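Observations on chain architecture
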Amino acid sequence: MPVAVYVLGLSVFALGTSEFMLSGLLQPLARDMDVSIPQAGLLVSAFAIGMVVGAPLLAAATLRLPRRTTLIALLAVFGLGQVAGALAPSYGVLFASRVVSALACAGFWAVGAAVAVSLVPVTARAKAMAVMLGGLSIANIAGVPAGALLGQHAGWRSAFWAVAALSAVGLAGVVALVPATQPPTGEDAPRLRKELAIYRNRQVWLALATTALNAAAVFCLFSYLAPLLTETAGLKESWVPTVLALFGVGALIGTAIGGRIADAHLFGTMYGGIGASAAALALLALTAHSAAAAIAMAVLLGVAAFATSPALNARMFNVAGAAPTLAGATTTAAFNIGNTVGPWLGGLVIGAGWGYPAVAWLAAGLATLAVGTTAIASRLHRGAEASRIVVASAGASSTAHETAPESSVR
């Protein structure tokens, strides 16, 4: 695997830490900003909204720019967004800083994913994406729990300062180790109209829907995991960083498993991972009042959700191969549509007074829908493969028939 792919994974560690660390900071942040837990949870959705909007827009805007230069600029803006969050005097300013940071994060994900898959053979796309997603997994193991720990002992703002420092490290790595490339010219130059043509493919829309539903299921629950652990399972708040770290360990294990098997068993990985997520969420809903069971299901959810991610990314690149930049942007947008809708729906459930176990039930339902869209995509894929075989066979028969008289004359 090229070293540049690992550098991109390092940068994703900083991005992922910022994106998910609020799950462990909701309570101190809500107290400091004098807002409710659901309102604080909307900061997760704010980041996700920025990712949804930013991924396709920035992918289109930077289509003809050198990718390395684009990555450097986006990572610098992201770091400045973290500084703005650390200094935010009000909830509104913090909300705005999250959106700006998310726009830069989205662009980095879209362009970075295109760079990663361009550096490896087609048969290693899932492995390359697993390395990038590994940065996200390590963020959940180390970055998110560390952010929660900092929030408890040095104030939630210290977590934003820490991510700003991580961003600087990632920026240095991109500058030093990601190869400089010039955008193609002439006939090979990327054209927005050509890339937009991928949206006429219904498999692209099915891949988008599956990714969004899977992400909504995971982050509907994950965004409120800390209060579920403390208010329903009865754990002390000091235990939250440990459980978040265990979720991250599960995510790293899942990413490693998915990266190894997804290239060879794409739909099998999607079925297995999303189905296991649905089962873990349903079991969590049933056992939420047991601390041990809640912790175990959180770890299982981390494994299942992140085992699916390399397959979901590779699937989008496979069905939108003619438009690699927009394929990466579409995947990023799809993940974050789920990241937006999931916490919002979870907040509605909490606001209605149904409790945190009901959030887990809702998340399990979303995952079940994702299994359904996977089944539709798999059926269409098998139908397309069968059609190609029939056409190829007919072509071969026709050729043999046409050449038979000539052979008999000879």
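Keep in mind the model is a prediction, meaning the values are calculated, not measured.

The next point concerns the packing of aromatic side chains. The way to describe two aromatic rings as a pair is by their centre distance and the angle between their planes. One pass over the full model with this rule turns up five aromatic pairs. Seen from their ring centres, Phe222 and Phe247 are 4.6 Å apart, and the 35° between their planes marks the pair as tilted. With Phe222 in helix H9 (residues 202–222) and Phe247 in helix H11 (residues 240–261), this pair connects stretches of sequence that are 25 residues apart. Taken as a pair, Phe222 and Phe247 share a single burial class, namely buried. Seen in terms of ring centroids, Phe247 and Phe306 are 6.3 Å apart; in terms of plane orientation they differ by 80°. Their pairing is edge-to-face. Here Phe247 is found in helix H11, whereas its partner Phe306 is found in helix H13 (residues 291–319), with 59 residues between them in sequence. Taken individually, Phe247 and Phe306 each receive the classification buried, so the pair is uniform in this respect.

Turning our eyes to something else, we now look at a nonpolar patch on the surface. Taken together, the side chains of Leu42, Ile337, Val341, Trp344 and Leu348 make up a nonpolar region of the molecular surface, amounting to roughly 400 Å² of accessible area. No other element matches helix H14 (residues 324–351), which puts four residues into the nonpolar patch. Structurally, the position occupied by Val341 is in helix H14.

On to the environment of Val349. Along the polypeptide, Val349 turns up in helix H14. Since its relative accessible area comes to 8%, Val349 is described here as buried. When the C-alpha positions of Val349 and Val359 are compared, they lie 6.3 Å apart, and in sequence the two are 10 residues distant. In this structure, Val349 is in contact with Trp354, Gly355, Ala358, Val359 and Leu362, ignoring residues within four places of it in sequence.

Where helix H4 (residues 67–87) meets helix H5 (residues 91–118), the axes come as close as 8 Å, and the angle between the chain directions of the two elements is 155°. Compared by their axis directions, H4 and H5 come out roughly antiparallel. Once H4 is placed against H5, the crossing between them reads as left-handed.

In the predicted model, the protein carries a mean pLDDT of 81, and 88% of its residues have values of at least 70. Averaged over each element, pLDDT in the protein is lowest for helix H8 (residues 192–196) (69) and highest for helix H12 (residues 266–287) (92). Low confidence marks residues 389–394, where pLDDT is under 50. Its contacts with residues over four positions away, or in another chain, come to zero contacts. Ignoring residues within four places in sequence, the model shows residues 396–410, a span with pLDDT below 50, making zero contacts including any to other chains.

Attention now moves to H5. With 28 residues, H5 extends 40 Å from end C-alpha to end C-alpha; this agrees with the ideal 40 Å at 1.5 Å per step. The element H5 is largely enclosed, with a buried count of 20 among its 28 residues.

With 125 residues, the main nonpolar core has Trp109 and Leu221 as its most contacted residues. Looking at this core element by element, the count peaks at 14 residues for H5. Beyond its immediate stretch of four places on either side in the chain, Leu221 contacts Leu228, Leu281, Leu284, Leu301, Val359, Ala360 and Ala363. Listed in part, the five residues of the second largest apolar core include Val5, Val120, Ala124 and Val131.

Let's shift gears to the environment of Ile138. Relative to the elements of secondary structure, Ile138 occurs in helix H6 (residues 125–154). C-alpha separation for the pair Ile138 and Gly16, spaced 122 residues apart in sequence, amounts to 8.7 Å. If near-sequence neighbours (up to four positions away) are discounted, Ile138 is found in contact with Phe13, Gly143 and Leu252.

Okay, the packing of helix H1 (residues 3–20) against helix H7 (residues 156–177) next. At a minimum axis separation of 9 Å, H1 and H7 run at an interaxial angle of 160°. Compared by their axis directions, H1 and H7 come out roughly antiparallel. Our pair here, H1 against H7, has a crossing hand that is left-handed. Contact residues: H1 offers Ala4, Val7, Leu10, Ser11, Phe13, Ala14, Thr17 and Ser18, while H7 offers Val163, Leu166, Ser167, Val169, Gly170, Gly173, Val174 and Leu177. Partitioned by chemical class, the residues of the contact of H1 with H7 number 10 nonpolar, six polar and no charged.

Another point: the pattern of salt bridges. Inspection of the entire model under this criterion finds two salt bridges. Between Glu237 and Arg31 there is a salt bridge whose closest N-O contact spans 3.8 Å. With Glu237 in the loop between helix H10 (225–232) and H11 and Arg31 in helix H2 (residues 26–33), this residue pair connects regions lying 206 residues apart in the sequence. When its relative accessible area of 56% is taken as the criterion, Arg31 is described as exposed. Arg157 is paired through a salt bridge with Asp32; the nearest N and O atoms lie 3.9 Å apart. With Arg157 in helix H7 and Asp32 in helix H2, this pair connects stretches of sequence that are 125 residues apart. Given the relative accessible area of 27%, Arg157 is considered partly exposed. For Asp32, a relative accessible area of 46% translates into the label partly exposed.

What counts and what doesn't
Residues numbered from 1 in each chain as written. Predicted model: local features only at pLDDT ≥ 70, side-chain atom pairs only at ≥ 80, totals over all residues. Heavy atoms only, no water. Phe/Tyr/Trp six-rings, centres within 6.5 Å; stacked < 30°, edge-to-face > 60°. Helix = DSSP H or I, 4+ residues; strand = E, 2+ residues; numbered from the N terminus. Buried < 20%, exposed > 50% of the residue type's maximum accessible area, 1.4 Å probe, protein only. Patch = residues over 30% accessible without salt bridge, like charges linked within 9 Å, V, L, I, M, F, W, Y side chains within 5 Å. Areas by Shrake-Rupley, 256 points an atom, 1.4 Å probe, with all protein chains shown as cover. Salt bridge = Lys/Arg side-chain N within 4 Å of Asp/Glu carboxyl O. Contact = heavy atoms within 4.5 Å. Axes fitted to C-alpha atoms, helices over the stretch in contact; angles between N-to-C directions. Parallel < 35°, antiparallel > 145°, perpendicular 65-115°, else oblique. Left-handed = near helix turned anticlockwise from the far one by under 90°. pLDDT = per-residue confidence, 0-100. Expected span 1.5 Å × (residues − 1). Core = buried A, V, L, I, M, F, W, Y, C linked by side-chain atoms within 4.5 Å. Nonpolar A, V, L, I, M, F, W, Y, C, P; charged D, E, K, R; others polar.

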